[in-house]
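# Structural features, examined
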Amino acid sequence: MTIRNRIIIFSILVTLIPSFGMGWLFNRSIQQTLTGKVEQKLFDSVDIIEREIQLWFKERSYDLHVFSNSFIINENYSRYIAAQKGEEFSPSVLASIDKISTYLTSVQNQFKDYRRLLVLDSNQKIIAASATGASADAAADSGATTGHVEIPDDAEEQIRNNKYFKGNVYFLADEPSPLMLIGIPLFSEQYEYQVGTLAVEVRLQSVLSLLRTNLSSSDGGEHIYGSLINIDAGQHFLSVGRAQGLSGPGKVPDSVMRFLDEPNKLHEFVNRDGVRVIGIIMPLKTLNWGLMIAEKHEDVFAQVSRSRRQNVMIFCAMAIVIGIFAYIMARQILTPLHSLTNGAIQVANGELDVNLPIRRNDELGITTGVFNEMVNRLRESYTKLEQLATTDPLTGLDNRKQIMSSLLRHFENFRRYGTKFSIMMLDVDHFKNINDTYGHQAGDTVLVELAALMQDAKRNLDSAGRYGGEEFLIILAETKGEQAKATGRRVRGLVEKEQFSHDEKSIQVTISIGVAEVWEEDENADSLISRADEALYKAKREGRNQVVYASGSLQESAADPKVISFPRSA
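My aim in this report is to walk through the structure given alongside it, one point at a time. These figures come from a predicted structure and were not determined experimentally. (Residues numbered from 1 in each chain as written. Predicted model: local features only at pLDDT ≥ 70, side-chain atom pairs only at ≥ 80, totals over all residues. Heavy atoms only, no water.)

## Section: the sheet that holds strand 7 (residues 224-230)
Counted only if it meets this: By the convention used here, strands pair only if DSSP detects at least 2 bridges between them. Helix and strand labels come from DSSP, where a helix needs a run of H or I of at least four residues and a strand needs a run of E of at least two; each type is numbered from the N terminus. By the convention used here, residues are in contact when the closest approach between their heavy atoms is within 4.5 Å. Inter-axis angles, ranging from 0 to 180 degrees, are taken between N-to-C directions of lines fitted to C-alpha atoms, where helices are fitted over the stretch in contact.
Spatial strand order, 9-8-7-12-11-10: 6 strands in an open sheet with antiparallel pairing. The sheet is open, and its two edges are formed by strand 9 (250-251) and strand 10 (267-270), each paired on a single side. Two strands pair when backbone bridges link them, and strand 7 and strand 8 (residues 235-240) are joined in this way by 5 bridges, in the antiparallel orientation. What sits directly across from isoleucine 229, in strand 8, is histidine 236. The strands touched by helix 6 (residues 207-215) are strand 7, strand 8 and strand 12 (289-296); relative to strand 8, the strand with the most contacts, the crossing angle is about 55°.

See the structure below:
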């Protein structure tokens, strides 16, 4: 934790902590207000939908009462009752039943929400049904395998209270819509008691229009989810807006059904589609149904989210502005120290090409100047040490260690890439006589001038070094044997023509050269050195002042009698 970071963090915290506190209180107030509005809107929607559903059932019962007053039903059903008491079913009675079925079929065809219209006797047996013109037994077979339909146990109580009864919701495999049986009692003018029932299997899919009308948002979208639930079965059977992520009948999760214990409270949950919603589940008073209404959480609290985003943007802008000012102030103090720290790290890592800019005329500026001077002295000392480590102090050529390192690099490149090269081993002829005749200082002068001549004669990609005493090694990069021999002849001729002098005394100097080209059979650089050294000593034995090339034959060079070849050792 640097001083600059502490200054920046402190400045930001002092500004943002109070701002975040006020923003949190403001958002919480907005959220509570919106929650209350949504809660009231959902409760109002439940009341409206419940009234609409009650009205829908009353309309269906009214339709049944109208149908039951039909002369066709009353007259023909009275004949059936009379025949039933006399236990005689003449063809005319069966024809009367067919007339009722034909009438029911004509009525059913006018109402798409009606699946079947049924006339039941007092034993709940189907007497006539729509969409059939068969006998009573055939009509029974078309309605249910038992010839009966299920009348709710509290049908009489429902009739006393509402003048009609409603059955339970059920499903059939060939029918996509949930179904419900609605019925009214049938009375005959000849009898004072109920003689049968007129019922309709109604498709509840039409109730969806009531849900859509009352739950659609102001912009026409289905932001509000709605679902009718059969409380006894724990199953939803109608959904609008993919309520709970469910389409078609399905089991309502227990976690959602538990919300019925708190019908006057908003609940938040995640639906099966992974959408976060907020809503209520309330039981309907006149039905054993529950109504779930919910809205997307993000839609309900969109204003809170917008306000939160605006606050975050404001806070971020404030933090950026304050951070910039704090950064500028801290930078004026800490930038020179940071530069000195980085410079010291670079020097510690061996990087001596460091020169820090002096931006201030104060104590930090003076410290930076002293640091730069220290680095300059270290750089000079390092350069001298490096030169001593790699350069021969007398001749200025590479010392033995450096020239051998270069030779190893060339040999590795040859092994890896097949790049040919050659070497020359040079030795001053009769160097001991020069020292004995003219003195050791004269010998040193000869070596220095010989080194300068070799520097001028070699290419930039070649390397030259003092191998030891009066012996030198030249590496000819990317050079094959013929080129190497030519270079050796040229160097030997230059030395022979050169006038060496010491204390105004002229000294005649010649050299012997052994040349070798790298071969595939060379296991290492030492074998190449050995062949060049062997060629050098052969040149000395055979009269000096000549170039000997270690080749694979005894053929001598016709161009220069001073160049001879000797066969490659077995």
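From this point on, the discussion continues.
## Quick word on the pairing of strand 11 (residues 276-283)
So the rule is basically this: Only protein chains enter the accessibility calculation, which uses a 1.4 Å probe; a residue whose area is less than 20% of its type maximum is buried, one above 50% is exposed, and one in between is partly exposed.
By the criterion of burial, strand 11 is predominantly enclosed, with 6 of the 8 residues buried. Pairing between strand 10 and strand 11: 4 bridges, direction antiparallel. Looking across to strand 11, one finds that histidine 267 is bridged to glycine 279. The pairing of strand 11 with strand 12 spans 7 bridges and is classified as antiparallel. When the sheet's bridge partners are listed, valine 277 is paired in strand 12 with lysine 296.

## Notes on a negative patch on the surface
Rules: Put simply, a patch holds well-exposed residues, over 30% relative accessible area, that have no salt bridge, with like charges counted together within 9 Å and Val, Leu, Ile, Met, Phe, Trp or Tyr side chains within 5 Å. Note on areas: these come from Shrake-Rupley sampling with a 1.4 Å probe, and a residue is covered only by the protein chains present in the view. We define a salt bridge as a side-chain nitrogen of Lys or Arg found within 4 Å of a carboxyl oxygen belonging to Asp or Glu. In this tally, Lys and Arg are treated as positive and Asp and Glu as negative; His is ignored, and so are the chain termini. Positions of charges follow a simple convention, taking NZ of Lys, CZ of Arg, CG of Asp or CD of Glu.
A cluster of acidic residues, Glu150, Asp153, Asp154 and Glu157, forms a negative patch on the protein surface. Turning to its location among the elements, glutamate 150 is positioned in the loop between helix 4 (136-143) and helix 5 (155-162).

## Details of the pattern of salt bridges
Inspection of the entire model under this criterion finds 22 salt bridges. Two residues, aspartate 63 and arginine 60, come together in a salt bridge whose shortest N-O distance is 3.8 Å. Taken together, the residues span about one helical turn, with aspartate 63 and arginine 60 both in helix 1 (residues 3-68) at a distance of 3 residues. Each member of the pair, aspartate 63 together with arginine 60, is buried. When the shortest N-O distance is used, the salt bridge between lysine 420 and glutamate 517 registers 3.4 Å. Pair noted here: lysine 420 is in the loop between helix 11 (400-417) and strand 13 (421-428) and glutamate 517 is in strand 18 (residues 511-517), with a separation of 97 residues, a long-range link. The class of lysine 420 is partly exposed, set by a relative accessible area of 25%. Exposure remark for glutamate 517: the relative accessible area of 11% places this residue in the buried category.

## Here we look at helix 5
Filter applied, for reference: What the arc measures is the spread of directions leading from the helix axis to the C-beta atoms.
Of all the positions in helix 5, only Ala155, Gln158 and Ile159 are classed as buried. The buried residues of helix 5 occupy an angular sector of 100° when the element is viewed end-on, so they sit on one face. Away from its buried face, by an angle of more than 90 degrees, helix 5 presents the exposed residues Glu156, Arg160 and Asn161. Against strand 3 (165-166) and strand 5 (175-187) lie the buried residues of helix 5. One or two steps after helix 5, the chain reaches lysine 163, where phi turns positive at roughly 65°.

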